[in-house]
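Each chain, letter by letter, is given below.
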Amino acid sequence: MQALILAAGYGRRLRPLTDTCPKSLVEVNGIPLLVNALNCISDRDVSEVLVVVGDKKDIIVSRIGHEYKGMKITYIENPRYRETNNVYSLWLAGNYIYDDVIMMECDLFYNRSLIDSIINSTGDCNILVSPFNPDTMDGTVVRVKEDNDVTELIIKRDQTPELYACTNMLYKTVNIYRFGKDFMTCKFMPAIDNYVKTQSVNSYYELVLGSLIYYRNDKIKAVVVEGSEWNEIDDINDLKRAEEKFR
């Protein structure tokens, strides 16, 4: 199995911390985000970790190296990280993927148990989610049936007040996924390639994944975990919240 970590962003909302430190190495209680991610996936049958880097990439490579706890680390540079978004970082990784993949974004801090939850999932595409609380959560959400089938993915741009009026079976994405090899190489990455070449490089891979969910031709499952097990870190307030949560 491979892991893919998207870590190219420059963390504008975490300044001044990110003036000299890449966002992926911002620390929660002394532990850098990227180091926590690598610790969580180590000893989990992951042979290679693909890390998409951009801002201050040399600092990341120097800190992590090319091997970590028995896992090979392969760096993929996104030289356009200031003008593109995560769909472009994922597109750059396309030629490096040859196996089942755990994919995650690097602005997260979480418990190791989350990786155990997603790594044991059996769908073609598995999406780690938590029950949606509109008062404390923000960003992409999914609708889920009683059998944990994902029926719809809705990015922040397309969310309406009516959506928040009924949060039953509505879940927030954690931004950690497990993709089967065939789904990733034969469906998701070709769709990403088409989107980047014909639509936009400054957009989100969730839009592409949402289109595949709409077709309902694949086994796309939600893996539900508690919100107390993870924290997204976009700004200083998020960082303070994570430090308190994981103290």
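Structure report, in brief. (Residues numbered from 1 in each chain as written. Predicted model: local features only at pLDDT ≥ 70, side-chain atom pairs only at ≥ 80, totals over all residues. Heavy atoms only, no water.)

Regular strands have side chains that alternate between both faces of the sheet. Within strand 9 (residues 125-131), 6 of the 7 residues are buried, which leaves the element mostly enclosed by the surrounding structure. Where strand 9 and strand 12 (residues 170-179) come together, 6 bridges link them in antiparallel fashion. Within strand 12, the residue paired with Ile 127 across the bridge is Tyr 177. Strand direction decides the pairing type here: strand 9 and strand 13 (residues 220-224), joined by 5 bridges, are parallel. By the bridge assignment, Ile 127 is partnered in strand 13 with Ala 222. (Buried < 20%, exposed > 50% of the residue type's maximum accessible area, 1.4 Å probe, protein only. Helix = DSSP H or I, 4+ residues; strand = E, 2+ residues; numbered from the N terminus. Pairing = 2+ DSSP bridges.)

Three- or four-residue spacings in an α-helix give side chains the same orientation, since the helix completes a turn every 3.6 residues. Helix length check: helix 6 (residues 181-198) (18 residues) gives 24 Å between terminal C-alpha atoms against 26 Å at 1.5 Å per residue, within 8%. The sharpest bend along helix 6 reaches about 35° and sits at Phe 188, with the proline Pro 190 one to four residues further on. Taken as a whole, helix 6 has its buried residues at Phe 183, Met 184, Phe 188, Met 189, Ile 192, Tyr 195 and Val 196. (Expected span 1.5 Å × (residues − 1). Bend = angle between axes of the 7 residues up to and from the residue.)

Here we take up unusual backbone geometry. Backbone torsion omega between Arg 15 and Pro 16 reads 15°, so that peptide bond is classified as cis. With respect to the helices, strands and loops of the structure, Pro 16 is situated in the loop between strand 1 (2-7) and strand 2 (27-28). Unusually for a residue other than glycine, Lys 69 sits at a positive phi of about 50°. Tracing the backbone shows Lys 69 in the loop between strand 5 (67-68) and strand 6 (71-77).

Time to look at the nonpolar core. In terms of nonpolar packing, the biggest core is built from 42 residues, with Leu 38, Val 49 and Tyr 110 touching the most fellow members. Ranked by residue count, the leading element in this core is helix 1 (residues 33-41), at 6 residues. When sequence neighbours within four positions are dropped, the list of residues in contact with Tyr 110 reads Asn 36, Ala 37, Cys 40, Met 104, Ile 115, Ile 176, Glu 229, Trp 230 and Phe 246. Tyr 81, Val 101, Phe 188 and Val 196 belong to the second-largest nonpolar core, a separate cluster that totals 40 residues. (Core = buried A, V, L, I, M, F, W, Y, C linked by side-chain atoms within 4.5 Å. Contact = heavy atoms within 4.5 Å.)

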